[in-house]
Amino acid sequence: MKAEENRLKPEELRSHRWLGPDDLRSFGHRSRQKQSGFNTEEFAGKPVIGILNTWNDLISCHAHFKQRVEEIKRGVWQAGGFPVEIPVMGMSETFMKPTSMYYRNLLALETEETLRTYPIDATVLMGGCDKTTPALLMGAVSANIPAIFMPGGPMQRTSWRGGPLGSGSDVWKYWAERGAGRLSCDDWCDLESHIAASPGHCMTMGTASTMTSIAEVLGFCLPGAASIPATHSGHSRMASATGSRAVEIAWQNLKPRQILTARSVDNAITALMALGGSTNAIIHLIALARRAEVPLTLDRFDEISERVPVIANIRPAGKYVMPDFFEAGGLRGLLGRIKDLFDLACPNVAGTNLGEAIGVADVYEDDVIRPRDNPLCESGSLAVLRGNLAPDGAVIKPPAVEPHLLEHRGPAVVFKNYPDLKARIDDPALALTKDHVIVLQSAGPLGAPGIPEWGMLPIPKYLLEQGVRDMVRVSDARMSGTSYGACVLHVSPESHSGGPLALVEDGDMITLNVNERGIDVDISDEEMASRRAAWKPPEKRFSRGYGRLYFDETTQAHEGCDFRFLHADGSTDPDPEIY
Ligand code: FES
């Protein structure tokens, strides 16, 4: 009844300003709708639903979006809305260079301005492949126009020579095997034909699965949407239902900042920890929260991590893949097992709240979604480290670390940048041992640029041949959510900006203590100050174009790597009445 009372009248719709009035401009708008072949009664007085589609031919993860967008439109028509498909930048995790993260804020900006400039009453955001999800949500939160997220869904499970395969995770595993001489070139090519077997995003608990799950927990998806595999018929039905629901949130004028609050962000972090999710989610959630003036910091992740068990047994931390998770009960099954850790009153786009969305969700396979008393690990899915090597913080994924490396002290071997690493890592003259700490500089937000997923630094071939599979590695880079190992990531401030990481030299002793949350280099303050005085800042790399904007405006990892000028403070909304 309350929702009914709060419903907009047709003349209160945002699109009415373009399509309703009897004036010269609206004549132009209506005549152009007719140019597209629509009769007045097909669009007049109806909510315009802008479907932002991140499809392109290079995003294999979104190959099914051409069909899904038609299913979303079907749902919009049936609910009495007027669907308009708007292509926005498709960000392919695999194809974009230097990294899709370099362009996350560009898609966020495009999303915000597309929603702002067109007569859109509500939007359906079609994303899935890694950065598309945070980018679309960041833009929608800034525009603050009713928004619902349609997750792309994970690809189907696949196997190779009798064993299951996991996106990313098994690429790294078999690449190491190839480095150790245990996999031929022909074997490698054969693996290439099996690792990605259908449309859909990576089916491990990488960044894509983590972020789509987070979108659902935040309240931006219809309940159950994030876990449905991309090729399951339920995915098509969810697309249609999402389109229909978009019409309703337009009438209710249910805005993203009613959904994204400090309480729902805490829920998202709790789910991230229980899922054993990607370290990348930390950067994205900080950026997203700050778009809604929620002042999220790294410390909140550590606080919540301490009290949440990891109960999703999904690769890379666990054993199974996302289609197994779906069949075991999916995200709602997992949330139901730890219901008491969430604020169940947080609203969602379905018009209910998190508690109602979870409902009576059940779990059908206890080894995939573990019971509370048999978790993958009791707590500490992600940990925030600080010390004289990372004064503003760094992160590590403890369950992905070989336990003996959780406390480690060893001499640094330093690579100045990624080309240096590639050129020298396998050189036997370096004489690395398993106790060395591999350090990579210039791999952060500005240094690389784009904070690429280089953080799982390669282990030298000759150590792989000796059976070494994990070493402590430190960088200002990110790591793919499908990666694993004792990798200290997102060191902040980054080396490019003169952070202490830039001052580390070969042979410096580095101490990692995950239990104490420490990452330190064993040099005195005086020595650090003298090295800093001798350090020369790198030359500015771009003097024009997007690169210049990126370099001038991108914040550090602990601040979310957003553009400063896109933070929540300030006003940008032009008044369409006067244009
Ligand atoms: Fe698209 Fe992994 S490459 S989600």
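Residues numbered from 1 in each chain as written. Predicted model: local features only at pLDDT ≥ 70, side-chain atom pairs only at ≥ 80, totals over all residues. Heavy atoms only, no water.

Novice: Even after reading the chapter, I still don't get the overall build of the protein chain, so can you show me in this structure?
Specialist: Secondary structure assignment for the protein chain yields 22 helices and 14 strands. Against the globule reference of 25 Å for 579 residues, the protein chain gives a C-alpha radius of gyration of 24 Å, in line with a compact fold. Principal axes of the C-alpha set define a box for the protein chain whose edges measure 80 × 55 × 45 Å. The long-range share in the protein chain, meaning contacts at least 24 apart out of those at least 6 apart in sequence, stands at 76%. (Helix = DSSP H or I, 4+ residues; strand = E, 2+ residues; numbered from the N terminus. Rg over C-alpha atoms; globule rule 2.2 N^0.38 Å. Contact = heavy atoms within 4.5 Å.)

Novice: How should the pattern of salt bridges be read in this particular structure?
Specialist: When their charged atoms lie close together, side chains carrying opposite charge are able to pair. Counting across every chain of the model gives 39 salt bridges. Here Glu93 and Lys131 are joined by a salt bridge, their closest N and O atoms 2.8 Å apart. Here Lys131 lies in the loop between strand S3 (122-127) and helix H7 (132-143) and Glu93 lies in the loop between strand S2 (82-87) and helix H6 (101-117), a separation of 38 residues in the sequence. Overall, the relative accessible area of 1% leaves Lys131 in the buried class. A salt bridge links Arg531 to Asp508, with the nearest nitrogen and oxygen atoms 2.7 Å apart. On the criterion of sequence distance, the pair formed by Arg531 in helix H21 (residues 525-534) and Asp508 in the loop between strand S12 (487-492) and strand S13 (509-513) is long-range, its members being 23 residues apart. The network of salt bridges with common partners includes Glu93, Asp130, Lys131, Glu453 and Arg478. (Salt bridge = Lys/Arg side-chain N within 4 Å of Asp/Glu carboxyl O. Buried < 20%, exposed > 50% of the residue type's maximum accessible area, 1.4 Å probe, protein only.)

Novice: What is the right way to look at unusual backbone geometry in this model?
Specialist: Most peptide bonds are trans, and most residues other than glycine sit at a negative phi. The omega torsion across Lys97 and Pro98 is 5°, close enough to zero to call that bond cis. Topologically, Pro98 is positioned in the loop between S2 and H6. At Asn253, a position not held by glycine, the phi torsion is positive, near 50°. Note on placement: Asn253 falls in the loop between helix H11 (233-252) and helix H12 (256-259).

Novice: So what exactly am I meant to see when it comes to the environment of Trp454 here?
Specialist: Examined against the element boundaries, Trp454 turns out to sit in the loop between strand S10 (437-440) and helix H20 (461-465). Contacts of Trp454, omitting those with residues within four sequence positions, involve Tyr418, Leu440, Ser442, Ala443, Ala448, Ala477 and Arg478.

Novice: Please explain the packing of H7 against helix H10 (residues 207-218) as it appears in this structure.
Specialist: For any two helices packed against each other, one specifies the inter-axial angle together with the distance between the axes. Interhelical geometry of H7 versus H10 gives an angle of 35° and a closest axis separation of 8 Å. Judged by residue contacts, Thr133, Pro134 and Leu137 of H7 engage Met211, Thr212 and Ala215 from H10. Residue composition of the contact of H7 with H10, by class: 4 nonpolar, 2 polar and no charged. (Axes fitted to C-alpha atoms, helices over the stretch in contact; angles between N-to-C directions. Nonpolar A, V, L, I, M, F, W, Y, C, P; charged D, E, K, R; others polar.)

Novice: For this particular structure, what's the right way to read the pairing of strand S9 (residues 407-415)?
Specialist: Within a regular strand, the side chains alternate between the two sheet faces. Looking at chain direction, S9 and S13 are connected through 5 bridges and run antiparallel. When the sheet's bridge partners are listed, Glu407 is paired in S13 with Asn513. Relative to S10, S9 is paired through 4 bridges, and the arrangement is parallel. Bridging across to S10, Val413 finds its partner in Ile438. (Pairing = 2+ DSSP bridges.)

Novice: What should I look at first to understand the sheet that holds strand S4 (residues 147-151) in this one?
Specialist: Spatially, 4 strands are ordered S2-S1-S3-S4 in an open sheet, and the strand pairing comes out parallel. Only two strands of the sheet have a single neighbouring strand rather than two, namely S2 and S4. Averaged over all pairs of adjacent strands, the angle between strand axes in this sheet comes to 20°, irrespective of strand direction. Relative to S3, strand S1 (residues 48-53) runs parallel, the two sharing 5 bridges. In the sheet register, Asn53 faces S3, and the bridge partner there is Met126. The strands that helix H5 (residues 65-78) touches are S1, S2, S3 and S4; relative to S2, the one it contacts most, it runs at about 155°. The sheet contacts of H7 involve S1, S3 and S4, and relative to S3 the element is tilted by about 165°.

Novice: It is not clear to me how the packing of aromatic side chains should be interpreted in this structure. Could you clarify?
Specialist: Each aromatic ring pair is characterised by the separation of its centres together with the angle its planes make. Enumeration according to the criterion identifies 17 aromatic pairs in this entry. Between Trp77 and Phe82 the ring centres are 5.7 Å apart and the planes differ by 85°, which places this aromatic pair in the edge-to-face class. Residue Trp77 is classed as partly exposed on the basis of its relative accessible area, which comes to 35%. Relative accessible area serves as the criterion here: at 0%, Phe82 is assigned to the buried category. Taken together, a centroid distance of 4.0 Å and an interplanar angle of 10° make the contact between Tyr418 and Trp454 stacked. Of the two residues, Tyr418 is situated in helix H19 (residues 418-424) and Trp454 in the loop between S10 and H20; the sequence distance between them amounts to 36 residues. In textbook terms, an aromatic cluster arises when at least three aromatic residues are bridged by ring pairs, as seen for Tyr102, Tyr103, Phe542, Tyr546, Tyr550, Phe551, Phe563 and Phe565. (Phe/Tyr/Trp six-rings, centres within 6.5 Å; stacked < 30°, edge-to-face > 60°.)

Novice: What's the story with the side chain of Thr279 in this structure? I'm lost.
Specialist: When you line up the elements, Thr279 lands in the loop between helix H13 (262-275) and helix H14 (280-291). Contacts of Thr279, omitting those with residues within four sequence positions, involve Leu382, Val395, Lys397, Met479, Leu489 and His490.

Novice: Honestly, H10 in this entry has me stumped. Any pointers?
Specialist: One full turn of an α-helix is made of 3.6 residues, so residues set three or four places apart face in the same direction. Here H10 contains 12 residues, and its C-alpha end-to-end distance of 16 Å stays within 8% of the 16 Å for a straight helix at 1.5 Å per residue. Among the residues of H10, Thr207, Ala208, Ser209, Thr210, Met211, Thr212, Ser213, Ile214, Ala215, Glu216, Val217 and Leu218 are the ones counted as buried. Gly219, located one to two residues past H10, shows a positive phi value of around 115°. (Expected span 1.5 Å × (residues − 1).)

Novice: Mind showing me how you'd approach the environment of Leu218 here?
Specialist: Structurally, the position occupied by Leu218 is in helix H10. Leu218 gets classed as buried once you look at its relative accessible area, which sits at 0%. Linking Leu218 and Pro347, residues 129 residues apart in sequence, is a C-alpha distance of 8.6 Å. Among all residues touching Leu218, those that are not within four sequence positions of it are Ile259, Leu260, Ser264, Val265, Ala268, Leu288 and Pro347.

None of the figures reported here should be taken as evidence of function without further support.
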